[in-house]
Amino acid sequence: MALRVLPRKAWRNWRHPADQRISLHSTDVEDASRRLLLYGVLPLWVVPGLADWWMHRRTRIEHTSGTKESAVHALMMTEAGVPVLMGLLARVNPLALTVMGGAALAHGATAVYDVTLAVREREVRPIEQHIHSFLEVLPLTALAFTACLHSDQVRRTLRGAHAPQDWRLLPKEHPLPAPYLAALAGIIAAGVAVPYAEELRRCVRAARG
């Protein structure tokens, strides 16, 4: 019974422990890897996403593949967003790593379907295909960084991880700094959520019209 309520109690007080220190000057490999993941890979992921949205708008997606393709884009953002959210807020354990790996595979499969759908209905230029390559590889890059930073948990996952704590969604022992989380949320909202919501709105309006 205690194990059953543990995650709820842990999340209720998840901001109480001391924030995780993110060193900006350390040359230690672990610090440098965490810094590149948090300040490089994750924020820069927005750039190809925004560029892809512009390509959709340029080729008037609302009058070609329309709502169907735009809904696939929303699905892909969910497949990428769930593991990112887990990595930012939750303890990286076998459960989190399994979800991240499964989401990366699902995202890759959906990306293939997305392009297959798009090329039948609208012009997909080489530059857009090149943008897609970044969108496909960045989730794997983030997963690789996370696995390296938590190699002990990767080993536990591969060995079966029998402890109850391994398969529970728990908050980080040392949460990421609140200013960082707020800034990243703002970047994602402005560079991903708002543009793609606008795209879906255009497609729905065009379909009704």
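Our structure is the block above this text.
Description of the structure in this document. Treat the numbers as computed from the prediction; the structure is a model and nothing was measured.

1. Considering the overall build of the chain
Within the chain, the secondary structure is distributed over eight helices and zero strands. With respect to the principal axes defined by its C-alpha atoms, the chain has extents near 55 × 45 × 30 Å. Looking at the chain alone, contacts between residues at least 24 apart form 86% of all its contacts between residues at least 6 apart. Element-wise, carbon and sulfur atoms account for 64% of the exposed surface of the chain, whose accessible area totals about 11900 Å².

2. A few points about the environment of Pro-43
Tracing the sequence through the fold places Pro-43 in helix H2 (residues 29–44). The contacts of Pro-43, once residues within four sequence positions are left out, are Leu-37, Leu-38, Leu-184 and Ile-187.

3. A few points about the nonpolar core
Considering soluble globular proteins, one finds that nonpolar side chains tend to be buried as a cluster. Among the nonpolar cores identified, the biggest contains 20 residues, and Leu-37, Leu-38, Leu-42, Trp-45, Leu-88, Leu-176 and Tyr-180 are the most heavily contacted of them. Of all elements in the fold, only H2, helix H4 (66–89), helix H6 (126–149) and helix H8 (178–208) reach the threshold of two or more residues within this core. It is H6 that contributes the most residues to this core, six residues altogether. Among residues more than four places away in sequence, those in contact with Leu-38 are Ile-22, Pro-43, Leu-88, Leu-176 and Tyr-180. Formed by five residues, the second largest nonpolar core is a distinct cluster that contains Met-86, Val-92, Ala-96 and Met-100.

4. A few points about the packing of H2 against H6
Across the interface, H2 lies against H6 with an axial gap of 10 Å and an inter-helix angle of 155°. If you check the angle between H2 and H6, you find them roughly antiparallel. For the crossing formed where H2 meets H6, the hand is left-handed. The residues of H6 that touch H2, namely those facing Glu-30, Ser-33, Arg-34, Leu-36, Leu-37 and Val-41, are Leu-138, Thr-141, Ala-142, Phe-145, Thr-146 and Leu-149. In terms of residue class, the contact of H2 with H6 is built from seven nonpolar, three polar and two charged.

The rules behind the values
Residues numbered from 1 in each chain as written. Predicted model: local features only at pLDDT ≥ 70, side-chain atom pairs only at ≥ 80, totals over all residues. Heavy atoms only, no water. Helix = DSSP H or I, 4+ residues; strand = E, 2+ residues; numbered from the N terminus. Contact = heavy atoms within 4.5 Å. Areas by Shrake-Rupley, 256 points an atom, 1.4 Å probe, with all protein chains shown as cover. Core = buried A, V, L, I, M, F, W, Y, C linked by side-chain atoms within 4.5 Å. Buried < 20%, exposed > 50% of the residue type's maximum accessible area, 1.4 Å probe, protein only. Axes fitted to C-alpha atoms, helices over the stretch in contact; angles between N-to-C directions. Parallel < 35°, antiparallel > 145°, perpendicular 65-115°, else oblique. Left-handed = near helix turned anticlockwise from the far one by under 90°. Nonpolar A, V, L, I, M, F, W, Y, C, P; charged D, E, K, R; others polar.

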